[in-house]
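Listed below, chain by chain, are the residues.
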Protein chains: 2
Amino acid sequence: MKDYIQHDPWKIIEQGFHKEDNRISESIFSIGNGKMGQRGNFEEHYSGDSMPGNYVAGVYYPDKTRVGWWKNGYPEYFAKVLNAASWIGLDVHVNGERLDLHTAEILDFRRELDMREGWLKRTFKARLLNGNIVEVEALRFLSIADDECGALRYSVKAVNFSGDIEVKSFLNGDVVNEDSNYDEQFWVEIAKSVEGNAGVIVSETKKTAYQVAIGMKFEIFKNDELQDLDYANEALKMYVSGSSKLDVVEGDQIVVYKYACNVSSRYYAADQLLEKAEEAVNRAHSIGFDNMLEDQAKAWADKWQHSDIVVEGDDAAQQGIRFNIFHLNQTYTGEDARLNIGPKGFTGEKYGGVTYWDTEAYCVPFYLCTAPQEVTRKLLIYRHNQLGRAIENAEKLGFDKGAALYPMVTMNGEECHNEWEITFEEIHRNGAIAYAIFNYIRHTDDKEYLAEYGLEVLMGISRFWAQRVNWSEGLEKYVMLGVTGPNEFDNNVDNNWYTSYIAMWCLKYTEESLAYVKENHPKRYEEIVQNASFDASAEVAKWREIREKMYLGYDEKRNIFIQADGFFNKEQILVKDLDPKHLPLVHHWSWDRILRSNFIKQADVLQGLYMFEEEFDLETLKSNYDFYEPRTVHESSLSPCVHSIIAAKLGDEDRAYEFYLRTSRLDLDDYNSDTKDGLHITSMAGTWMSVVEGFGGKRVVDGQLTLSPMLPKQWKSYSFKVSFKGNTILVKVTDSGVEVTHEEGQGLQIKLYDEEINIKANTSIVVHR
Amino acid sequence: MKDYIQHDPWKIIEQGFHKEDNRISESIFSIGNGKMGQRGNFEEHYSGDSMPGNYVAGVYYPDKTRVGWWKNGYPEYFAKVLNAASWIGLDVHVNGERLDLHTAEILDFRRELDMREGWLKRTFKARLLNGNIVEVEALRFLSIADDECGALRYSVKAVNFSGDIEVKSFLNGDVVNEDSNYDEQFWVEIAKSVEGNAGVIVSETKKTAYQVAIGMKFEIFKNDELQDLDYANEALKMYVSGSSKLDVVEGDQIVVYKYACNVSSRYYAADQLLEKAEEAVNRAHSIGFDNMLEDQAKAWADKWQHSDIVVEGDDAAQQGIRFNIFHLNQTYTGEDARLNIGPKGFTGEKYGGVTYWDTEAYCVPFYLCTAPQEVTRKLLIYRHNQLGRAIENAEKLGFDKGAALYPMVTMNGEECHNEWEITFEEIHRNGAIAYAIFNYIRHTDDKEYLAEYGLEVLMGISRFWAQRVNWSEGLEKYVMLGVTGPNEFDNNVDNNWYTSYIAMWCLKYTEESLAYVKENHPKRYEEIVQNASFDASAEVAKWREIREKMYLGYDEKRNIFIQADGFFNKEQILVKDLDPKHLPLVHHWSWDRILRSNFIKQADVLQGLYMFEEEFDLETLKSNYDFYEPRTVHESSLSPCVHSIIAAKLGDEDRAYEFYLRTSRLDLDDYNSDTKDGLHITSMAGTWMSVVEGFGGKRVVDGQLTLSPMLPKQWKSYSFKVSFKGNTILVKVTDSGVEVTHEEGQGLQIKLYDEEINIKANTSIVVHR
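Residues numbered from 1 in each chain as written. Chains lettered and ligands numbered in written order. Predicted model: local features only at pLDDT ≥ 70, side-chain atom pairs only at ≥ 80, totals over all residues.

Student: In this structure, what is going on with the overall build of chain A? I would like to understand it.
Tutor: In terms of helices and strands, chain A carries 20 helices and 34 strands. Compactness check: chain A gives a C-alpha radius of gyration of 27 Å against a globular reference of 27 Å for 769 residues, within 12% of the reference. In terms of its C-alpha atoms, chain A occupies a principal-axis envelope of roughly 90 × 60 × 55 Å. In chain A, the proportion of contacts linking residues at least 24 apart, taken out of those at least 6 apart, comes to 68%. (Helix = DSSP H or I, 4+ residues; strand = E, 2+ residues; numbered from the N terminus. Rg over C-alpha atoms; globule rule 2.2 N^0.38 Å. Contact = placed C-beta atoms within 7 Å.)

Student: Just to check I follow, could you spell out the interface of chain B and chain A for this structure?
Tutor: Contacts between chain B and chain A engage 41 residues on the former and 41 residues on the latter. Among the secondary structure elements, those contributing two or more residues to the side of chain B that touches chain A are strand 23 (470-472) and helix 15 (591-596) of chain B. At five residues, the largest contribution of residues to the side of chain B that touches chain A is made by helix 15 of chain B. A per-class count over the side of chain B that touches chain A returns 13 nonpolar, 15 polar and 13 charged. (Nonpolar A, V, L, I, M, F, W, Y, C, P; charged D, E, K, R; others polar.)

Student: So what exactly am I meant to see when it comes to the sheet that holds strand 9 (residues 97-98) of chain B here?
Tutor: Pairing between the strands of a sheet comes from backbone hydrogen bonds, and it takes one of two forms, parallel or antiparallel. Residues and elements named next belong to chain B. The strand order across the open sheet built from five strands is 9-8-14-20-19, with neighbouring strands paired in antiparallel fashion. A strand with exactly one partner marks an edge of an open sheet, and here the two such strands are strand 9 and strand 19 (232-236). Of the pairings in the sheet, the one linking strand 8 (residues 90-94) to strand 14 (residues 163-172) comprises five bridges and is antiparallel in character. Looking across to strand 14, one finds that His 93 is bridged to Glu 166. (Pairing = 2+ DSSP bridges.)

Student: How do you make sense of the UniProt feature "active site" (unreviewed entry) in chain A when you look at a structure like this?
Tutor: Residues and elements named next belong to chain A. When the UniProt feature table is mapped onto this chain numbering, "active site" (unreviewed entry) sits at Glu 488. Structurally, Glu 488 is set in the loop between strand 24 (477-479) and helix 11 (497-520). When neighbours within four sequence positions are excluded, Glu 488 is seen to be in contact with Ile 422 and Lys 601. (UniProt positions renumbered as here; feature names shortened; annotations may be inferred.)

Student: Before we go on, may I ask you to explain the relation of the copies chain B and chain A in this structure?
Tutor: A rotation about an axis combined with a shift along that same axis relates the two copies of the chain. Of the transformation superimposing chain B on chain A, the axial component is 0.0 Å and the angular component is 180 degrees, with the fit at an RMSD of 0.0 Å. Such values leave the two copies arranged in the relation of a two-fold axis. Minimal C-alpha separation from the rotation axis in chain B is found for Val67(B), amounting to 2.6 Å. Residue by residue, 100% of the interface of chain B is reproduced at the interface of chain A, so both copies engage with the same surface. (Least-squares fit on C-alpha atoms with pLDDT ≥ 70 in both.)

Student: What should I look at first to understand the nonpolar core in this one?
Tutor: One recurring pattern in soluble globular proteins is that nonpolar side chains are buried together. Residues Ala277(A), Ala404(A), Leu405(A), Cys506(A), Ala277(B), Ala404(B) and Leu405(B) are the most contacted members of the largest nonpolar core, which totals 456 residues. Residue contacts for Leu405(A): discarding those within four places in its chain leaves Ala390(A), Asn393(A), Ala394(A), Leu397(A), Phe399(A), Ile427(A), Asn430(A) and Phe464(A). (Core = buried A, V, L, I, M, F, W, Y, C linked by C-beta atoms within 7 Å. Buried ≥ 20, exposed ≤ 12 C-beta atoms within 10 Å, placed from the backbone.)

Student: Looking at this model, I keep getting lost on the UniProt feature "domain: Glycoside hydrolase family 65 central catalytic" (unreviewed entry) in chain A. Mind explaining?
Tutor: The positions that UniProt labels "domain: Glycoside hydrolase family 65 central catalytic" (unreviewed entry) are, in the present scheme, residues 322-689 of chain A. Secondary structure across residues 322-689 of chain A divides into 53% helix and 3% strand, with the first and last C-alpha atoms of the span separated by 13 Å.

Student: It is not clear to me how the sheet that holds strand 28 (residues 704-707) of chain A should be interpreted in this structure. Could you clarify?
Tutor: Residues and elements named next belong to chain A. The four strands are arranged 27-28-32-33 in an open sheet whose pairing can be described as mixed. Pairing within the sheet leaves two strands with one partner each, and these edge strands are strand 27 (699-701) and strand 33 (755-760). Sheet twist, expressed as the mean angle between neighbouring strand axes with direction ignored, is 40 degrees. As judged from the six bridges shared by strand 32 (residues 747-752) and strand 33, these two strands associate in the antiparallel manner. Pairing of Lys 751 across the sheet is with Glu 756, part of strand 33. (Axes fitted to C-alpha atoms, helices over the stretch in contact; angles between N-to-C directions.)

Student: Honestly, helix 13 (residues 536-548) of chain B in this entry has me stumped. Any pointers?
Tutor: In an α-helix, one full turn covers 3.6 residues, which means residues spaced three or four apart are oriented alike. Residues and elements named next belong to chain B. Helix length check: helix 13 (13 residues) gives 18 Å between terminal C-alpha atoms against 18 Å at 1.5 Å per residue, within 8%. Turning to helix 13, its buried residues are Glu 539, Trp 543 and Ile 546. For helix 13, the arc enclosing every buried residue in end-on projection is 65 degrees, short of the 170-degree limit, so these residues lie on one face. Away from its buried face by more than 90 degrees, helix 13 exposes Ser 537, Ala 538, Ala 541 and Glu 548. Considering only its buried residues, helix 13 is in contact with helix 10 (448-468), strand 24 (477-479) and helix 11 (497-520). (Expected span 1.5 Å × (residues − 1). Arc of directions from axis to C-beta.)

Student: How should helix 10 (residues 448-468) of chain A be read in this particular structure?
Tutor: Residues and elements named next belong to chain A. Along its 21 residues, helix 10 runs 29 Å from first to last C-alpha, staying within 8% of the 30 Å computed at 1.5 Å per residue. Along helix 10, the largest kink reaches about 65 degrees and is centred on Gly 454. Buried residues dominate helix 10, accounting for 17 of its 21 residues. (Bend = angle between axes of the 7 residues up to and from the residue.)

Student: Honestly, unusual backbone geometry in this entry has me stumped. Any pointers?
Tutor: One can expect most non-glycine residues to show negative phi and most peptide bonds to be in trans. Pro584(A) follows Leu583(A) through a cis peptide bond whose omega is -10 degrees. Along the chain, Pro584(A) falls in the loop between strand 26 (560-561) and helix 14 (585-588). Backbone geometry places Tyr753(A), a non-glycine residue, at a positive phi of 45 degrees. A positive phi angle, near 65 degrees, is found at Lys207(B), a position not held by glycine. Inspection of the secondary structure puts Lys207(B) in the loop between strand 16 (198-205) and strand 17 (211-222). Classification of Lys207(B) by C-beta neighbours within 10 Å gives partly exposed; the count is 14.

Student: Looking at this model, I keep getting lost on the packing of helix 19 (residues 653-664) of chain B against helix 20 (residues 681-695) of chain B. Mind explaining?
Tutor: In helix packing, the relevant descriptors are the interaxial angle and the interaxial distance, both defined with respect to the helix axes. All names here are of chain B. It is at 9 Å that the axes of helix 19 and helix 20 come closest, and there the two elements cross at 155 degrees. The orientation of helix 19 with respect to helix 20, classified from their angle, is roughly antiparallel. The element helix 19 and its partner helix 20 pack so that their crossing is left-handed. Mapping the contact onto sequence places Ala 656, Phe 659, Tyr 660, Thr 663 and Ser 664 in helix 19 and Ser 683, Gly 686, Thr 687, Ser 690, Val 691, Gly 694 and Phe 695 in helix 20. Of the residues contributing to the contact of helix 19 with helix 20, the split by class is five nonpolar, seven polar and no charged. (Parallel < 35°, antiparallel > 145°, perpendicular 65-115°, else oblique. Left-handed = near helix turned anticlockwise from the far one by under 90°.)

Student: Before we go on, may I ask you to explain the pairing of strand 31 (residues 737-744) of chain A in this structure?
Tutor: On any regular strand, side chains alternate: one points to one face of the sheet, the next to the other face. Residue and element names in this part refer to chain A. Sheet topology note: the strand 30 (residues 727-734)/strand 31 ladder contains six bridges and is antiparallel. Of the residues in strand 31, the one forming a bridge with Lys 732 is Glu 739. Where strand 31 meets strand 34 (residues 764-768), five bridges bridge the pair, whose relative direction is antiparallel. The residue bridging Val 738 from the neighbouring strand is Val 767, located in strand 34.

Student: How do you make sense of the packing of helix 18 (residues 639-649) of chain A against helix 19 (residues 653-664) of chain A when you look at a structure like this?
Tutor: All names here are of chain A. Relative to each other, helix 18 and helix 19 sit at 160 degrees, their axes nearing to 8 Å. Considering their axes alone, helix 18 and helix 19 lie roughly antiparallel with respect to each other. Our pair here, helix 18 against helix 19, has a crossing hand that is left-handed. Taking contact as the criterion, the partners of Pro 640, Cys 641, His 643, Ser 644, Ala 647 and Ala 648 in helix 18 are, on helix 19, Glu 653, Arg 655, Ala 656, Phe 659, Tyr 660, Arg 662 and Thr 663. Within the contact of helix 18 with helix 19, the residues separate by chemical class into seven nonpolar, three polar and three charged.

Student: It is not clear to me how the environment of Val529(A) should be interpreted in this structure. Could you clarify?
Tutor: Locating Val529(A) in the fold gives a position in helix 12 (residues 522-531). Every residue in contact with Val529(A), bar those within four places of it in the chain, is listed here: Phe534(A) and Ala536(A).

Student: Would you take a moment to explain the pairing of strand 8 (residues 90-94) of chain A for this structure?
Tutor: All names here are of chain A. Here strand 8 shows a buried face lined by Leu 90, Val 92 and Val 94 and an unburied face lined by Asp 91 and His 93. In this structure, strand 8 lies alongside strand 9 (residues 97-98), joined through two bridges in antiparallel fashion. Following the sheet pairing, Val 94 is matched in strand 9 by Glu 97.

Student: What am I meant to see in the environment of Val767(B) here?
Tutor: Residue and element names in this part refer to chain B. Within the element layout of this structure, Val 767 appears in strand 34 (residues 764-768). In this structure Val 767 comes out as partly exposed when scored by C-beta crowding, with 15 C-beta atoms within 10 Å. Sequence separation of Val 767 and Gln 563 is 204 residues, and the distance between their C-alpha atoms is 40 Å. Leave out the neighbours within four places in its chain, and Val 767 touches Gly 737, Val 738 and Leu 752.

The following block contains the structure:
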């Protein structure tokens, strides 16, 4: 736990350089634009501890799997996003001494991320070993208005000296991944050019042969005057630079404007890349730094217009929630259905930048309510694109006839994980993928999506479930053996309630979807059925039989669903009775002790009750919450949000707020001591859910948007936006009541605290409490 | 499956060089003497496929663990036996061309392992690329009479040429392990010397700093005359050689006698090793090759005297069973309690030469009946020596107060394995270690062993069980959660019957052992209790409570013990109904499919019924056998022997023989296509068990040796030896009856087919059937 980040409603501020926490800051001050991202590394040389990170969305490498004990079905290679070439580099020499904050005396330092406008600024004053003092301001951004480009402005002032300042601006593609399994370098150089103040490097990933061109063009001003300089150029292995030395007298200020781009063979023919990179850099240069910065602020204003949450009366909470929304919007923009959201986004190497069920279970609810529906649609199409591979994946495990098992972790549709108890057994991910389709349609009414893409995915998933269950003669029921539920502290269990329930639900929803497409798109229906060799009557009949005879553990005495077979053989201990020195369990207990305990890593039965709340009465919700919550240690960042939402639903406002706090500043305050590896991007969506679905009580019931907000007593007010079926509303919750303002669309009938309310376009309604 | 090894009662013969199977042959033709061992590599250079292997017992290296997903409790390093320096090397040049069977034309080739006398011979005739034909005979052995030494005789005859033959004799310590995890070299050179026809290399293992000296001395004869030669010497990195060129005319025969030794810092001070190596080599040289070979034959005759099994009427069976006995006796001699038996012995790198529960469950029964009781005693003391580490190991997993969990796999007492479902959960190994103590005492009457060593081990193990169970409120029983039984095709199950049963048995046997030591060795008892801070009355009372209230799954309808909770939720399919193309499952099925199936890798419930046969009636044995056997795929080489013994007990002679066949020639015929990696040393003991306990019906009942032999109809007769409480008897089974001959000791009362028989010293009794 750290607390060096200053509280501010719109900015993230590090005042004074926290050298020992530099990797944490590099993660926190990451910037991105959906296509590329980079950690908050310094522009100038830094010889202290740092983890360089530059990532190009969708450019991955199949790294060789390293595993102790091989099991059939493990991937031999797994895709991961690569650390890529960096364009921010500037080498600054002051009277011959290289500027390096690790060796210089730092007189003043401030790092600042402006979330409203989307830029990163760093200012510092430092005394070099030679006694020269410089004042520096560095400001940079990755443009979301022109997502191939970025720019930086770097000014150096000669505070107490005259002499010379040499500036070398470079591109560096000679980089490695820290997590490379066999210490391989993943890039090879294809081409490079450098002349004067401009340069390009084209490099290619090994094996996948993606080419990426990175380009730069820079200009140097002295005291606001553009300098006409000769540049000495260097071209080394995957490295180009241009440098020039300027004479300065005390008080002079040197300013470098550097324009850069990143273009890849995912969007252009490889042989055009050099040219395209030059084009992009020239485009940025001709627009100019100030105009680009203005465009950036405008584009971000538009994002905030749809996604902002305003909290009055609590700057820490305000900063926390905005930080989460900001990073989600930096990570995924919905431009390209080949992209998705890695748990660390563009902020670190951990988890390889790949897709988990986090996307469907946590991120989709966020984007559905805060972004154009196209954004979520792209996330769904991503899975449709990978349906073939999901079928292959299931075949590898012994399934057939079009059964699809989506991988636990993936970049391109292939499995990237190799722990059998997760890879092969944590199959509930299939359910979340189906649920996201349902969730998308109930928020957008875009039922045509089923005909176009959704139904095929649902059929593959349902076919999987139908093969994955087996008939138990003992129980005279269908059972689901050998699974790992969302609670990864219980492996290879039978009849995990969540998994079995969502499987049943998938079978039912697929049946309904088949009926819808058959009736409304009969030609497309025929096509789908034929492509999939689908025996509609037999397969659907089998699904119905399974649904009707599925075994679900239920404890009558306690009125709770049993997480999995054998749960009540475990010694029942509550987290509050555990000596806190044992927490987190994952650091202090052996795996077998964890498995034998009743402690729950993250919401499992409660995850299901959250998703299918409509199907259960409040009493059942409460008895399950009362039973499972005290046994849950929340050692996944995805756990507290679900608990927060259910606690709010049950009227337990204190607990709802407590759970909300556990994720809202997770990274800013480095709660889990792992922010240095990158940010918890996908759990950030959970924080948003805590506010909007928890405090705000936002639900979709029978196709209608419903709200039942509460106000945490720590706050004066809060407001959030919800996009729903073509409308956007602003909901403001204060002490005295709720104000709903219609901002976009044709008007909307919603339910507020069980009351039907018709909000006409561009009107407000205030409901007092 | 291969069948190129010729059948012969005493010899293993490869006629004609099977180049593509060379690694298999290298495994099969391995030789060893308990202290060192080597694969059947060629003496002269061979550029074809080969896996060099030389192993020094107990000289291990802590290799860095490579694992995909780390769990608390995994070892960071794990010990393994190293590939060590080789002494057999001879480089032979014939008129300037290097002799190499990979490039020469092979006119004749034969490899022969004489099991009766313990030597390996190779003869061949080959035409070199230069047209010169040589006839070679190479004979070598590792002495069991002087276990620091080995010797070889290598003769080369100039068949069709005159000119010169150059012989270079060398020691090579510059070797690596094929399975090195990070491609490390494990040895560094300490010293070397070479002069004329003698040399020594001393090298040291990294980290563990074991020093090993290997020495040689050689002589060259031409046409039976010792040659007085000048030797050119070389000393390279961990390599020394001496070479000389001899003129030959057609028909001349050059014979090299090479004496070698291996001495290590496990037995001598490191600074004496060079000297000790020279001593050993000079000793061997002064005894001379022929005398050493004679001593070897005598020493082996003594081993066979106690362990031979003679089968009449079936050469393949005879060869198979002798091959197994031969390798067991090569691998472990009981000289040193710091040594044990790796699943591959000295025949390959796989499994790292380390100790599994195989030792106690399979090897102990063999050595108990075929070797002096000291041999088994040493195997037990090995575990006593490691008790402290077993307690540390349990502490790492969260246990305390002296609870001991022996590692699944070990060299020096530390865990060497890292699959959580095995490392942390396959805890039944503790039971086998306790059972071996019981088994040793019932065969030897050496109850004093309990006071000296055994009780402390039993207490640590029982303390572990007492902490490992927990009270289930649901079942109102003690349960054993999260275990993997002997059937490794079922992971992380609750209430595995075998594990729970053996745990109960341990608690009872420890209680009895405590009482025995207390009564008979009160002072030692006090010492043990004090050392272990043992609260006798409280702890034993707890053990009793656990034993009385332990949950054991039982199916009344079928009268069978349930392998583990949930077994009957699985779809019940028999192996015979499985398409054979799926077998072996471990190669064809994903791990999750295997886990969800009812197929059993190796005897589990039946393993328990085998060990505790006295405690169950025949009907129960039969119903369990009838139920579980058809579900067992025997994908462990340790499975068929138990089934063979039970089948014989149940009178199912055909099946008993069928199971016996599955292991008896496992390696000779390369059944599992893995002989190339080394031999299945520990499962060889299972073959012996099939014959003696299966066909021979040998048991110990109420402290008495009992026999009830049957004769497989494929055999004319068979005989085996059993050592029991200071006596050795020979049991010969023929068509007409059983002849029991007393060979050593004071005489013995046994039970033969339920009849009490008193065999006086040096008499025979024949019982007709």
